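One-letter residues, chain by chain:
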Amino acid sequence: GGNTISVEVFKWHKDKSQKYTRHVGLAEGMSRDGQLNEERQIAAIAALKTLIEDVKEKNSGRKIILRAVGTAPFRAQNNSESSSSYGLKFAQRIKDETELEVEILTGTQEAEYAARGVEDNDGLVINTGGGSTEFAILKNGEIKKTISIPLGMRHIAAAKNKKQFIQDLLDTLHKKFSEQNNL
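Computed from a prediction, not measured in an experiment: that's the story for all the values here.

Enquirer: Would you mind going over the pattern of salt bridges with me for this structure?
Expert: When the charged atoms of two side chains lie near each other, side chains of opposite charge can form a pair. Within this structure, the stated rule accounts for nine salt bridges. Of the charged contacts in the structure, one is a salt bridge between Arg75 and Glu110, with a shortest N-O distance of 2.9 Å. Taken together, the positions of Arg75 in helix H2 (residues 72-75) and Glu110 in helix H4 (residues 107-116) put the pair 35 residues apart, joining distant regions of the chain. Assigned by exposure class, Arg75 and Glu110 land together as buried. Several salt bridges converge on common partners, so that one network encompasses Glu38, Lys49, Arg93 and Glu97.

Structure below.
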């Protein structure tokens, strides 16, 4: 993600998981066109390597299946539904250096995954990360609408006029939700 590299280890024969995280601030210093900062890329890859080693060491002798997903920093430019060329290049770099293939989630997918983790039948699920915020509206247990906007904590921190930046994004969000009038 834009702020944190996380690895969650699920033990299928038991009903629990372990979570390992490293804060790397991948979205920090990202250019407007989505180019990732070289230092942040190096930090992210180093964190991935450490997390992979930790997981393998603590789960020695067990079959381990690793799955990597990338979010806002891989989508970047305007948080589009498609991967940015910079995101694709970074995903390839991760594969070259760690052997992990990164599945780049669209904003819609990220919102849907966040919503699936909620047990309520009705409501609004909000997932705020370092590079984006996802919203999912649930009605009768079904996902009715998802929206992903490039409003993450790293973007706010980097904005020169924070108040205007947030207001512009909230206006966009209001417009997107208003377009869905059958909720």
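Enquirer: What's the story with the packing of helix H1 (residues 38-58) against helix H3 (residues 85-98) in this structure? I'm lost.
Expert: Two packed helices can be described by the angle between their axes and the distance between those axes. Between H1 and H3, the least distance of the axes is 11 Å, while the angle of their chain directions is 40°. Our classification of the angle between H1 and H3 gives oblique. Where H1 crosses over H3, the handedness of that crossing is right-handed. Between H1, through Glu38, Gln41, Ile42, Ala44, Ile45, Leu48, Lys49 and Ile52, and H3, the contact on the second element is made entirely by Phe90, Arg93, Ile94, Glu97 and Thr98. Here the residues of the contact of H1 with H3 are counted per class, giving seven nonpolar, two polar and four charged.

Enquirer: Can you walk me through H1 in this structure?
Expert: At 3.6 residues per turn, the α-helix brings residues three or four places apart onto the same side. The end-to-end C-alpha separation of H1 is 30 Å, in line with the 30 Å expected for 21 residues at 1.5 Å each. Within the sequence span of H1, burial applies to Gln41, Ala44, Ile45, Ala47, Leu48, Leu51, Ile52, Asp54 and Val55. Near the N-terminus of H1, the side chain that reaches the backbone nitrogen of Glu39, with its oxygen 2.7 Å away, is that of Asn37.

Enquirer: Can you help me understand unusual backbone geometry in this one?
Expert: Backbone geometry follows two general trends: most residues other than glycine have a negative phi, and most peptide bonds adopt the trans configuration. Here Glu99, not a glycine, exhibits a phi torsion of approximately 70°, which is positive. Relative to the elements of secondary structure, Glu99 occurs in the loop between H3 and strand S4 (102-104). In this model, Asn140 sits at a positive phi of 55°, which is unusual for a non-glycine residue. Its place among the elements puts Asn140 in the loop between strand S6 (133-139) and strand S7 (142-149).

Enquirer: Looking at this structure, I do not really get the packing of aromatic side chains. What am I missing?
Expert: How two aromatic rings sit relative to each other is set out by the distance from centre to centre and by the angle between their planes. According to the stated counting rule, one finds one aromatic pair in the structure shown. With a centroid separation of 5.5 Å and 25° between ring planes, the pair formed by Phe74 and Phe90 is classed as stacked. Taken together, the positions of Phe74 in helix H2 and Phe90 in helix H3 put the pair 16 residues apart, joining distant regions of the chain. The exposure class of Phe90 is buried, given its relative accessible area of 2%.

Enquirer: Explanation requested: the sheet that holds S6 in the structure shown.
Expert: Backbone-to-backbone hydrogen bonds join strands into a sheet, with any given pair of strands oriented parallel or antiparallel. Read from one edge of the open sheet, three strands run S5-S6-S7, paired in antiparallel fashion. Strands with a single pairing partner mark the edges of an open sheet, and in this sheet they are strand S5 (123-128) and S7. Looking at each pair of strands side by side, their axes are set apart by 15° on average, direction ignored. Pairing of S5 with S6 involves six bridges; the strand directions are antiparallel. Each residue of the ladder has a partner; that of Thr128, found in S6, is Thr133. Against the sheet, helix H6 (residues 162-178) engages S5, S6 and S7, with an angle of about 150° to S7.

Conventions we followed
All chains use their own residue numbering, which begins from 1 and follows the written sequence. With the structure being a predicted model, the display of local features is reserved for residues of pLDDT at least 70 and the display and counting of side-chain atom pairs for 80 or more, all residues being used for whole-chain, interface and lining totals. Side-chain numbers come from the whole structure's heavy atoms, not from hydrogens or water. Any carboxyl oxygen of Asp or Glu that lies within 4 Å of a side-chain nitrogen of Lys or Arg is treated as forming a salt bridge with it. A helix here means a DSSP run of H or I that spans at least four residues, while a strand means a run of E at least two residues long, and both kinds are numbered starting from the N terminus. Relative accessible area decides the class of each residue, using a 1.4 Å probe on protein chains only: under 20% of the type maximum gives buried, over 50% gives exposed, and in between gives partly exposed. Here the axes come from fitting lines to C-alpha atoms, over the contacting stretch only for helices, and the angles between their N-to-C directions go from 0 to 180 degrees. Roughly parallel here means an angle under 35 degrees, roughly antiparallel means over 145, roughly perpendicular means 65 to 115, and every remaining angle is called oblique. Here is the rule for handedness: rotate from the far helix to the near one, and if that takes an anticlockwise turn smaller than a right angle the crossing is left-handed, while a clockwise turn gives right-handed. What makes two residues a contact is simply this: any of their non-hydrogen atoms within 4.5 Å. Only Asp, Glu, Lys and Arg are considered charged, only Ala, Val, Leu, Ile, Met, Phe, Trp, Tyr, Cys and Pro nonpolar, and every remaining residue, Gly among them, polar. By definition here, a helix of n residues has an expected span of 1.5 Å times n minus one. Here a polar contact is recorded for every N or O atom pair within 3.5 Å, except that within protein the pair must consist of a potential hydrogen donor and a potential acceptor, and residues adjacent in sequence are included only if both atoms are side-chain atoms. Between rings of Phe, Tyr and Trp, where Trp is taken as its six-membered ring, a pair exists when centres lie within 6.5 Å; planes separated by under 30 degrees are stacked, by over 60 edge-to-face, and by other angles tilted. For two strands to count as paired, DSSP must find a minimum of two bridges between them.

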